[in-house]
Amino acid sequence: MAKEKSREKRVVSLRTKTLTLVLLASIILSLVAVLISGITYGSTMYKHYKDLAEQLADTAAYQLSADDIVRYYNEVKKIGEFDEEKYESDKLYRTEYDKKAEALKDEKYNKMLNTLFIFADQSQKRIEIKYIYVQVLEGNNVTYIFDADHNDSYQLGTVQPVSKEILGRKNLENGIEAFINHTKDDGWLCSCMRPVKDANGKSVALVGVDIQVNKVVENVAIYLAILTGVTTVAVALIILIVLKRTNKSVVEPINMLSAATRSFVDDQSESQKDTSAISKLNIKTGDEIEVLSNSIKQMELDIIDYITNLTAITAEKERIGAELDVATHIQSSMLPSIFPAFSDKREFDIHASMVPAKEVGGDFYDFFMVDKHHLAIVMADVSGKGVPAALFMVIGKTLIKDHTSPDTDLGTVFTEVNNILCESNSEGLFITAFECVLDLVTGEFRYANAGHEVPIIARSGGIFEAFKIKPGFVLAGMEDIPYKSGVMTLEPGDKLFQYTDGVTEATNANKELYGMDRLEKALNKVIDESPENILAYVKEDIDAFVGDAPQFDDITMLCLNFKNYMNDEEAE
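As a convention, each chain's residues are numbered from 1 in the sequence order in which they are written. The model is predicted, so local features are restricted to residues of pLDDT at least 70 and side-chain atom pairs to those at 80 or more, both for listing and for counting; the totals for chains, interfaces and linings are taken over all residues. Values reported for side chains reflect all heavy atoms of the structure, with hydrogen atoms and water molecules removed beforehand.

Topic: the overall build of the chain
Reasoning step 1: The secondary structure content of the chain amounts to 14 helices and 16 strands.
Reasoning step 2: The 572 residues of the chain split such that 42% are buried.
Reasoning step 3: Contact definition: two residues touch when any of their heavy atoms are within 4.5 Å. Pairs at least 24 residues apart make up 68% of the contacts formed inside the chain by residues separated by at least 6 positions.
Reasoning step 4: Total accessible area on the chain is roughly 32100 Å²; 54% of this is exposed by carbon and sulfur atoms. Numbering goes from the N terminus for both helices and strands, where a helix is a DSSP run of H or I of at least four residues and a strand is a run of E of at least two. Relative accessibility decides the category of a residue: with a 1.4 Å probe and only protein chains considered, values under 20% of the type maximum give buried, values over 50% give exposed, and everything between is partly exposed. In this description, accessible areas are obtained by the Shrake-Rupley approach with a 1.4 Å probe, and a residue is regarded as covered only by the protein chains that are shown.

Structure follows, in structure tokens:
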């Protein structure tokens, strides 16, 4: 009960699963939509500013004289090496350097610088230009030639290290494409550099343009925030709509089906076909749920019919089982089952057993005294299994016993029994049989074989070996078949083992047969034991060989130990 409650607690409702699935799908789709839209919007805006920066840099580079830039660079180098630390800290050094640098600025220089200022100021109306400058690359440093900055421009000849953002780029002397980067002092900038080339196409300097894009980045962030908010609201609305629709079209009908099917367990009578909870279902969704509801209704009717039929069949099987149990007892009572048999006879010891594959079997054995000194033994196997074989066995056993007499040849016995069995054999059954009659006075052993397994005989002091005799035709197979008998002599100490094919054809899980070789080896291991112990050992050996494999055929065995001759006085 506790386990059932724990299982119920672990059940997750369909509504919860649907909410989880829709929520996850909506979140994923929203993230993808926001991401794609943000990337698209940001890329478009950034590309616009990159294109503007490159156009401005290309235009500025076109208006500058490469020869004059080279000239100013060479002249400023003659002043001496620029010391940035002294320039910032030593006022005298700064004054002297500015005086020398200003002396180099001629009319052309001022005109080009003024052009850059005008260019920057005019472009400022459309975009927020932070810097426009011209510098010459020398190793990991740059020397400023022009700096169009109204606030804090670099002096001609100022040397600065190459910025980290562009350091290490290949072919830097040919410029760099526009890129967006963030600096601590200036925030977000769109920067690019374009080469100033001489008449030979050689790059002599770089024109740099930095556009302030803080507002652009802010606008992208605002766009993403707005898009996220709108998407969140849309997702919430979608979830509410889907849940409402799912609850009405799926969850509620399924809960109705679940409740109805649970109630079916409490009422399975045929009289409730039209009043059960399932029969009252009226689900009209117009989809697979409605089809499922109709199928469950039909299933209920089928199950009720099946239970009704199963109840009748079960009752019939119980009746048949009881009758088969009675038949089993009747059949076992028809076979000699009291051992030791003939306790007053000291001349022999005999024991037999039968294990049917079904409730009743087709094998049978028999032994009886024909007169005071003749012992008859019968071992037979009816084709087929179950009740038909058992009934045919009763007929065959009775006929063989009734026709056996001291003066009648065993071949004649089988001939007469065969003709009688053929007269009323509508089922086409047949019997393999072996019968022998032992004269206890002389040891004469007469026998007849109708298609049965050969007996296994152990002579006194010898071992168990198959007694090779030619079997005749089976009984009930064909009318007017002549059967022949044979004769041999048994001596005190000899043993006879007879069996049906259920012994040698016992099969294990690997489809291997028990076989004659194993049977003879088992018999010879207990050759000195009593017939009862011999049969018990052989059965144990068969069981060990077969293992868990099912038994397909009846297992019937008989063992006779001829101990002494009967004297003439006892025979009279």
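Structural notes on the pattern of salt bridges
When their charged atoms lie close together, side chains carrying opposite charge are able to pair.
Reasoning step 1: We count a salt bridge whenever a side-chain nitrogen from Lys or Arg sits within 4 Å of a carboxyl oxygen from Asp or Glu. Counting across every chain of the model gives 12 salt bridges.
Reasoning step 2: Taking the shortest distance from any N to any O, the salt bridge between Lys47 and Asp51 comes out at 3.2 Å. Taken together, the residues span about one helical turn, with Lys47 and Asp51 both in helix 2 (residues 14-62) at a distance of four residues.
Reasoning step 3: When its relative accessible area of 52% is taken as the criterion, Lys47 is described as exposed.

What about the sheet that holds strand 9 (residues 374-382)?
Reasoning step 1: Two strands pair under a simple rule: DSSP has to find at least two bridges between them. Pairing in this open sheet of five strands is antiparallel, and the strands run 8-9-10-11-14 from one edge to the other. Two strands in the sheet have a free side with no partner beyond their single neighbour: strand 8 (363-371) and strand 14 (485-489). Mean inter-strand twist for the sheet, computed between neighbouring axes without regard to direction, equals 15°.
Reasoning step 2: Bridging between strand 8 and strand 9 involves eight bridges; their strand directions are antiparallel. In the strand pairing of strand 9, Phe368 is matched with Ala376.
Reasoning step 3: Here an axis means a line fitted to C-alpha atoms, over the contact stretch when the element is a helix, while the angle between two N-to-C directions is reported on a 0 to 180 degree scale. In the packing of helix 10 (residues 410-423) onto the sheet, contacts are made with strand 10 (431-439), strand 11 (444-450) and strand 14, and the angle to strand 10 comes to roughly 150°.

Observations regarding the sheet that holds strand 1 (residues 129-138)
Reasoning step 1: Overall, antiparallel pairing links the six strands, which are arranged 3-2-1-6-5-4 in an open sheet. In this open sheet, the two strands that pair with only one neighbour each are strand 3 (159-161) and strand 4 (176-183). Ignoring which end each strand starts from, the neighbouring axes of this sheet average 35° apart.
Reasoning step 2: Pairing between strand 1 and strand 2 (residues 141-147): six bridges, direction antiparallel. Directly across from Val134, in strand 2, lies its bridge partner Phe146.
Reasoning step 3: This element, helix 3 (residues 66-78), spans strand 1, strand 2, strand 3, strand 5 (187-197) and strand 6 (203-212) of the sheet and lies at about 120° to strand 2.
Reasoning step 4: Packed onto the sheet, helix 6 (residues 107-123) meets strand 1 and strand 2 and runs at close to 80° relative to strand 2.

With respect to the environment of Thr261
Reasoning step 1: Looking at the element boundaries, Thr261 is found in helix 7 (residues 214-264).
Reasoning step 2: Exposure remark for Thr261: the relative accessible area of 30% places this residue in the partly exposed category.
Reasoning step 3: Note: C-alpha distance between Thr261 and Glu300 (39 residues apart in sequence) is 8.7 Å.

Quick word on the nonpolar core
Reasoning step 1: Ranked by size, the top nonpolar core spans 78 residues in total, and within it Phe364, Ile377, Phe414, Ile431, Leu475, Phe497 and Leu519 carry the most contacts.
Reasoning step 2: In terms of residue count, strand 9 provides more of this core than any other element does, seven residues in total.
Reasoning step 3: If near-sequence neighbours (up to four positions away) are discounted, Leu519 is found in contact with Ile456, Phe497, Tyr499, Val503, Thr504, Tyr514 and Val538.
Reasoning step 4: Grouping buried Ala, Val, Leu, Ile, Met, Phe, Trp, Tyr and Cys residues that are joined through side-chain atoms within 4.5 Å yields what is termed a nonpolar core. With 47 residues, the next largest nonpolar core counts Ala53, Tyr72, Tyr93 and Ile145 among its residues.

Remarks on a nonpolar patch on the surface
Reasoning step 1: Only residues above 30% relative accessible area that lack a salt bridge enter a patch, with like-charged residues linked at up to 9 Å and the nonpolar side chains Val, Leu, Ile, Met, Phe, Trp and Tyr linked at up to 5 Å. Residues Leu19, Leu23, Ile27 and Leu31 make up a contiguous nonpolar surface patch of about 340 Å² in total accessible area.
Reasoning step 2: By the secondary structure assignment, Leu31 is in helix 2.

Here's the deal with helix 13 (residues 531-546)
Since the α-helix packs 3.6 residues into each turn, any two residues three or four apart lie on the same face.
Reasoning step 1: With 16 residues, helix 13 should cover 22 Å at 1.5 Å per step; its first-to-last C-alpha distance of 23 Å lies within 8% of that length.
Reasoning step 2: Three or more residues of helix 13 are buried, namely Pro531, Ile534, Leu535, Val538, Ile542, Phe545 and Val546. The buried residues of helix 13 occupy one face: seen down the axis, they fall within an arc of 100°. In this structure, helix 13 carries Glu540 and Ala544 as exposed residues pointing more than 90 degrees from its buried face. For a helix, the expected span equals 1.5 Å multiplied by the number of residues minus one. This arc describes the spread of directions from the helix axis toward the C-beta atoms.

Focus: the layout of surface pockets
Reasoning step 1: A pocket, in this scheme, is an open set of points on a 1 Å grid over the protein atoms alone with protein on both sides within 12 Å along at least 5 of 7 lines, while a cavity is a set where a 1.4 Å probe fits but cannot get out; residues line either one if an atom lies within 4 Å of a point. Grid points are joined across faces, edges and corners, and a volume is the space filled by probe spheres set on the points. Counted as a void, the largest pocket has a volume near 900 Å³.
Reasoning step 2: Lining of the largest pocket is provided by 33 residues; of these, Tyr131, Tyr144, Tyr154, Asp186 and Asp210 occupy positions nearest its centre.
Reasoning step 3: At the level of secondary structure, the elements contributing two or more residues to the lining of the largest pocket comprise helix 4 (84-89), strand 1, strand 2, strand 3, strand 4 and strand 5.
Reasoning step 4: Considering only enclosed or pocket space, the second largest pocket measures out at about 260 Å³ in volume.
Reasoning step 5: Together, 13 residues line the second largest pocket, and Lys470, Pro471, Gly472, Lys484 and Ser485 are the ones closest to its centre.
Reasoning step 6: Contributions of two or more residues to the lining of the second largest pocket are made by strand 11 and strand 14.
Reasoning step 7: The element best represented in the lining of the second largest pocket is strand 11, accounting for three residues.
Reasoning step 8: In this count, Pro and Cys sit with the nonpolar residues alongside Ala, Val, Leu, Ile, Met, Phe, Trp and Tyr, while Asp, Glu, Lys and Arg are called charged and the others, Gly among them, polar. A class-by-class count of the residues in the lining of the second largest pocket yields seven nonpolar, four polar and two charged.

Focus on the pairing of strand 16 (residues 555-562)
Reasoning step 1: Within strand 16, eight of the eight residues are buried, leaving the element largely enclosed by the surrounding structure.
Reasoning step 2: Neither face of strand 16 is exposed, since Ile555, Met557, Cys559 and Asn561 on one face and Thr556, Leu558, Leu560 and Phe562 on the opposite face are all buried.
Reasoning step 3: Of the strand pairs in this sheet, strand 15 (residues 495-499) and strand 16 are connected by five bridges, and their pairing is antiparallel. Its bridge partner being in strand 16, Leu496 is matched across the sheet by Leu560.

Quick look at the packing of helix 3 against helix 6
Reasoning step 1: The interhelical angle for the contact between helix 3 and helix 6, taken along N-to-C directions, is 115°, at an axis separation of 11 Å. Crossing handedness for the pair helix 3 and helix 6: left-handed. Each of Asp68, Arg71 and Tyr72 in helix 3 lies in contact with helix 6, whose residues at this interface are Lys108, Tyr109 and Met112.
Reasoning step 2: Looking at the contact of helix 3 with helix 6, its residues break down into three nonpolar, no polar and three charged. A crossing counts as left-handed when the near helix is turned anticlockwise from the far one by less than a right angle, and as right-handed when that turn is clockwise.

These figures come from the coordinates and say nothing about function on their own.
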